[in-house]
Amino acid sequence: MPILSSAQTSDATLRGKGPADTDVVAKNVATGSVRRTHTDKDGSYALVGLSPGTYQVDAGPGTERTVTLQVASVATLNFGAAAGGTNPNATTLAAVSVTATTLQEVKTSEVGTQVSLRQIETTPAASRNFLEFADTVPGMVFTRDANGNTSLRSGAQATSNINVYIDGVGQKNYVLPGGITGQNGSQGNPFPQLAIAEYKVITSNYKAEYDQVSSAAVTAETKSGTNEFHGNVFGSYTNTTMRAETPSEAAANKKTPSHEKDYGFDFGGPILKDQAHFYIAYEGKEFDSPITVVPQGNSAFWPLLPASVQSQFGPANLPFKENDWFGKVDWEPTDRDRIEVSAKYRDETQISGVGGANTATAGLNTSNYDKRFDIRWDHSTDSWFNRLQATYEDAFYNPSPVITGVGANYTPYNDQNSVLIQTGNSPLAFQNKGQKGPSISDDLTFNDLSWHGDHVIKMGVKFKSVKLTAQDAGDSNALYTYAVGPTGTENIPYKVQFGSPVPGQSPVATSRDQQFGTYIQDDWQIDDHWTLNMGVRWDYEKTPSYLDYVTPADVVAAFNMQDPNAPAGQTYAQTLAKGGVNINDYISTGSNRSAHKGQVQPRFGFSDDLFGDEAHVIFGGWGRAYDRNLYESLQVEETKSVLSQPTLYFNTPLAPCTSSATCLAWDPKYLSIPNLQALVAGTSAGKEVDMINNNLRTPYSDQLSLGMRNKIGDWNTSVTLVSIKSHDGVVYTLGNRYPDGSFWKNGSQPWGNGIPGFGSLIIGNNGLTTKTDQILLSAEKPYTSDSHWGATIAYTYTHALKNNDNNDPTDQYAFDFEKIANYPYVTAPGISKHRLVATGSLDGPWGFVLGGKLTLATPVPDVNLACYGLPSSGMDSGAINGGGCQAIASRPPGTGKFIVGGKVFGYRDIDFQATKNFKVYGNLNAYVRIDLINAFNWHNYSDYIETWGANGVLTRTPVIYNPTGNITGYPRTLKVSAGINF
């Protein structure tokens, strides 16, 4: 079962040594806010809950220091000596320029990297998605797919396993993939980039305060108003003439019209100087992006598709529009209290679902919105700090088909689970999924405890009540499937799926989730060398629609009926038992399920500052992190029974079936949806039954790391070895069995041997697993005003495996083997073995600021089921299933080189940006910026051409990139921006 959350602070902690028994006072240079604490008898102190920014800190006359604190960091400042591991830099605040020291966090056991405002402002960027800059962190991959949809991923785990915390508020999506709300299948941005001050990416071994995450945690701090009025207005634009052709456009000799527009503003300032401030930001986005329709799977069948279908191959486009707002007000009535209120509103509309195997007629009209409101009260004393926080969220995703009615799907006759091309939509194209509800949390930190060193102990508790909603299908679409054989495509379908509603019952599932979580952690600085980070958290989530669900009586009765294909006296339940499926594990009475209570998550880390100067630090740790089960996986039992999507088969030469209630002789009248619905009206014939294991567990990951940070001259470097194993991902498999219990017979699965009077049985269990081992190397030369330049280098080596044969890491269906335990481990999809990302920025002459970014990656594997005439024993055997097909991950040959060597890379990209700043008058400034994306127009292909082989012999090069298919990222694109600021 799923879990819940607790506050994940983006605040900073400042600790160190000063004069004994004296006050340490920190004043924020920009806002005038003041925080204070008192040193112990040995001079130790810790200031916690500080907003990232520049502070004037003192421990009495003559000790004043000006320092800059980074987001979600623990920094050291000793008043008796210069702070170790620092670099001076100039921080400009309105008309005041202060020279500050940026305190680097080097003693943490977390595997994490800061992304500064300087990097956000100077790194070339194709979009205004602030998560794009996480791509510069070792182990992270930010992707813009061929549909323009963006996603952030870490290691072999899916995007669903990340979490993003903005001002300490988790943005987790409880219903859909994507990791955070609004990012499932979206070209949009999760938050206005203007409003992001900086953020930190933690790829593993986070502390106990982090929850609902099992891969990467991103914690971001938003901008606030200051004692001076500040504002920005900007706009950026690119269109068809400012970009190169995509490969498919070049092949078609036709360029699809497109454009991209971004625009927005922000404004902030004082309400009461030193006490209250406001900030507001808005960003709008309008896209019309090119996309390519290209068939998938075995290329030998492509020329055999109907001419009317082939005419839909080639360029298409994806219109999109978004509005993104954020506002914040803060008030500090005393130097012990801070009250902050903020709100976010995002809405977008788009055409999606086009490209690859989906033609324009298979597209979706999609609306997507996300609303959040947050209020918090911080109270501090010399020895403790408390944060009380309340939030409310309302986020929904609602796609519907562009064209309702009849659609078509085409599959190879010998691999009916593989889609070549789709020209319409099934009833599953109608969805309405979202979450709405409040939460409250309290986090208490003790910052002056001493025992064999200094301790900062933090503990927290959170309760959340959120209503989850999921509509999984509609009743106005039908999808007919046609078999493509060696001589062409059959002119009648062999299968149809359509919506069949139950009169008087709602197709929408809802569940009022009750979530609870608590944690305690201790950051124990034993001495100037050793620091231990120890913590434990426990989470619990109660999802009533899963726990209280009652399997319909007619379904239960059907299991105890005679299996019509079995010897007399053998029930279908007995057939399943012969095949290793105990149906009692899935039949729910409404009282035989319980929420998972075992989500205990110990987390331990250490760091050893070898010489006590923060120049050479060894660090590492081990921890367990539970994520959650997505509600769209938990609700299928309910929605399938109310609005089922029955599948009926038709006996055709290429796809024969045995005459039954679900296998009919074809009649042209069956092209009518009402006639199809009449066939099953008042019956359960053909209705799929989905059932979930009664003892469902929550997915989790175990994370182990060991590394070393070194300061070499002006460079901060790090090398880390990471091992992450994720377990218990939910997966749905085919439950049907032949009468003797077998899953394979004569090379076929028992799709026609479903539940008596119903259709197929689909069962959900835990079982998806990933195994990731990585080497993470990074080097950063921080920007300083004295040197005028900065640079980052991130290299990742990844060896990752997954027990599935699907290119989509978020897909939870696996029908190619008897059960998930039979799937072999293959190379995980979407991951390059070698990846290098380098960035640089430079203050040029005449007010220019220059930036560049290089990305190189080896090809990602094509993960699929290869059918090429392998001998079959009639059962799953190793990597080969009973149909003689092999689960395989094949990396295509590289498409290019970089400077030297051969064609080893599958992704190459060099981006540049140049910004010219102008002083208009006083504090009013203007700028013009040019971004050149993919300067050398390298084609980073994303579609594969598969030629597996024949007669049991695998082709020497079974997979290559499709040279006229879709690409990830952009073709060479020139983007022009302009703005004013004050």
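Residues numbered from 1 in each chain as written. Predicted model: local features only at pLDDT ≥ 70, side-chain atom pairs only at ≥ 80, totals over all residues. Heavy atoms only, no water.

**Some details on the overall build of the chain**
Rules: A helix here means a DSSP run of H or I that spans at least four residues, while a strand means a run of E at least two residues long, and both kinds are numbered starting from the N terminus. We compute the radius of gyration over the C-alpha atoms and compare it with the globule rule, which gives 2.2 Å times the number of residues raised to the power 0.38. A 1.4 Å probe rolled over the protein chains alone gives each residue an accessible area, and that area as a share of the maximum for its type sets the label: buried under 20%, exposed over 50%, partly exposed in between. The contact criterion used throughout is that any non-hydrogen atoms of two residues lie within 4.5 Å. Accessibility throughout is a Shrake-Rupley quantity obtained with a 1.4 Å probe, and a residue counts as covered only by protein chains that appear here. The convention is simple: Lys and Arg are positive, Asp and Glu are negative, and His and the chain ends are not counted. Every charge is mapped to an atom, namely NZ of Lys, CZ of Arg, CG of Asp or CD of Glu.
Helices and strands together make up the secondary structure of the chain, namely 9 helices and 57 strands. The C-alpha atoms of the chain give 29 Å as radius of gyration, which agrees with the globular expectation for 982 residues (30 Å, within 12%). Along the three orthogonal principal directions, the C-alpha set of the chain runs to about 95 × 65 × 50 Å. A burial count over the chain gives 62% of its 982 residues as buried. Here the contacts in the chain between residues at least 6 apart in sequence split such that 74% fall between residues at least 24 apart. When the accessible surface of the chain is split by element, carbon and sulfur atoms take 58% of a total near 34900 Å². Seen as two clouds, the 74 positive and the 93 negative side-chain charges of the chain have centres 3 Å apart.

**Comments concerning the sheet that holds strand β4 (residues 44-50)**
Spelled out, the test is: The pairing criterion for strands is at least two bridges between them, as found by DSSP. Throughout, an axis means a line fitted to C-alpha atoms (over the contacting stretch in the case of helices), and angles, computed between N-to-C directions, take values from 0 to 180 degrees.
What the 3 strands build is an open sheet, ordered β4-β1-β7; its pairing is mixed. The open sheet has two edge strands, β4 and β7 (74-76), and neither has a second partner. Strand-to-strand twist across the sheet, computed as the mean angle between neighbouring axes with direction ignored, equals 20 degrees. Across 5 bridges, the pairing between strand β1 (residues 12-17) and β4 is antiparallel. Residue pairing across strands places Gly-16 opposite Tyr-45, the latter belonging to β4.

**With respect to the environment of Asn-533**
Our working definition: We call two N or O atoms a polar contact when they sit within 3.5 Å, provided that within protein one can donate a hydrogen and the other can accept it, with sequence-adjacent residues counted only if both atoms are side-chain atoms.
If you trace the backbone, Asn-533 turns up in strand β33 (residues 530-542). Distance from Asn-533 to Gly-621, taken between C-alpha atoms, is 8.7 Å for residues 88 residues apart in sequence. Each residue touching Asn-533, except ones within four places of it in the same chain, is listed here: Ser-109, Lys-207, Asp-522, Asp-523, Arg-603, Phe-604 and Gly-605. A distance of 2.9 Å separates the side chain of Asn-533 from the side chain of Ser-109, its partner in a polar contact.

**Remarks on the state of the cysteines**
To keep it simple, the criterion reads: Count a disulfide wherever a pair of cysteine sulfur atoms falls within 2.5 Å.
Within the structure shown, the criterion is met by 2 disulfides. With its sulfur 2.1 Å from that of its partner, Cys-867 forms a disulfide with Cys-885. Its S-S torsion of approximately 110 degrees makes the covalent link between Cys-867 and Cys-885 right-handed. Of this pair, Cys-867 sits in strand β47 (residues 862-867) while Cys-885 sits in strand β48 (residues 885-890), and the two are 18 residues apart along the sequence. The class for Cys-867 is buried, based on a relative accessible area of 14%. On the accessibility criterion, Cys-885 (7% relative accessible area) is buried. Listing the disulfide partners of the chain by sequence rank of the bonded cysteines yields 1-2, 3-4.

**Some points on a positive patch on the surface**
The line we're drawing: Think of a patch as exposed residues, more than 30% relative accessible area, with no salt bridge, where like charges cluster within 9 Å and nonpolar side chains (Val, Leu, Ile, Met, Phe, Trp, Tyr) cluster within 5 Å. Salt bridges are defined by distance alone: a side-chain nitrogen of Lys or Arg within 4 Å of a carboxyl oxygen of Asp or Glu.
Judged by side-chain charge, Lys-371, Lys-436, Lys-467 and Arg-512 come together as a positively charged surface patch. Turning to its location among the elements, Lys-371 is positioned in strand β22 (residues 364-380).

**A closer look at the sheet that holds strand β14 (residues 169-170)**
Taken together, 5 strands build an open sheet; the order of strands is β10-β15-β16-β13-β14 and the sheet is mixed. Here the strands that pair on one side only, and so sit at the sheet edges, are β10 (111-115) and β14. Across 5 bridges, the pairing between β10 and strand β15 (residues 196-204) is antiparallel. Each residue of the ladder has a partner; that of Gln-114, found in β15, is Lys-200.

**Overview of the pairing of strand β43 (residues 789-802)**
Judged from the 12 bridges that link them, strand β42 (residues 761-781) and β43 form a sheet pairing that is antiparallel. Counted as the bridge partner of Glu-780 is Thr-792 from β43. Bridge count for β43 against strand β45 (residues 834-843) is 9 bridges, and the pairing is antiparallel. Across the sheet, the residue bridging to Tyr-795 is Leu-836, located in β45. In this structure, β43 lies alongside strand β44 (residues 826-827), joined through 2 bridges in antiparallel fashion. Paired with Leu-801 across the bridge in β44 is Thr-827.

**Details of the pattern of salt bridges**
If you walk through the whole model with that rule in mind, you get 43 salt bridges. Across the pair Asp-609 and Lys-107 runs a salt bridge whose closest N-O atoms are separated by 3.9 Å. Here Asp-609 is found in strand β34 (residues 599-609), whereas its partner Lys-107 is found in the loop between β9 (96-103) and β10, with 502 residues between them in sequence. Exposure remark for Asp-609: the relative accessible area of 0% places this residue in the buried category. The exposure class of Lys-107 is buried, given its relative accessible area of 13%.

**Considerations on the packing of aromatic side chains**
The test is simple: Centres within 6.5 Å are what make two rings of Phe, Tyr or Trp a pair, Trp counting through its six-membered ring; a difference in plane orientation under 30 degrees is then read as stacked, over 60 as edge-to-face, and the rest as tilted.
Overall, the coordinates contain 37 aromatic pairs when judged by the stated rule. Between Tyr-45 and Phe-79, the ring centres sit 5.8 Å apart and the planes meet at 40 degrees, which makes this aromatic pair tilted. Of this pair, Tyr-45 sits in strand β4 while Phe-79 sits in the loop between β7 and β8 (86-93), and the two are 34 residues apart along the sequence. A relative accessible area of 4% means that Tyr-45 is categorised as buried.

**Considerations on the side chain of Asn-129**
With respect to the helices and strands, the residue Asn-129 is situated in the loop between α1 (117-122) and β11 (140-144). What makes Asn-129 buried here is its relative accessible area of 0%. Once residues lying within four places of it in the same chain are set aside, the contact partners of Asn-129 are Phe-142, Thr-150, Gln-183, Gly-188, Asn-189, Pro-190 and Gln-193.

**Quick look at the environment of Ser-426**
Topologically, Ser-426 is positioned in the loop between β25 (421-422) and β26 (432-450). Owing to a relative accessible area of 9%, Ser-426 belongs among the buried residues under this scheme. Apart from residues no more than four positions distant in its own chain, Ser-426 is found in contact with Asn-477, Leu-479 and Gln-497.

**Details of the nonpolar core**
Selection criterion: Residues belong to a common nonpolar core when they are buried Ala, Val, Leu, Ile, Met, Phe, Trp, Tyr or Cys residues joined through side-chain atoms within 4.5 Å.
Ranked by internal contacts, the top residues of the largest apolar core, which has 30 residues, are Val-354, Tyr-410, Ala-478, Val-496, Phe-498 and Leu-676. Taken together, the elements giving at least two residues each to this core come down to β19 (276-293), β20 (314-334), β24 (405-412), β28 (477-485), β30 (495-498), β37 (647-650) and α9 (673-680). Here this core takes 4 residues from β28, the largest share from any one element. Those residues in contact with Leu-676, other than ones at most four positions away along the chain, are Ala-478, Tyr-480, Val-496, Phe-498 and Tyr-670.

**What to know about unusual backbone geometry**
You will see that Ala-72, though not glycine, has its phi angle at about 50 degrees, which is positive. Positionally, Ala-72 belongs in the loop between β6 (65-69) and β7. Positive phi values are uncommon outside glycine, yet Asn-951 reaches one of about 55 degrees. With respect to the helices and strands, Asn-951 occurs in the loop between β54 (949-950) and β55 (953-954).

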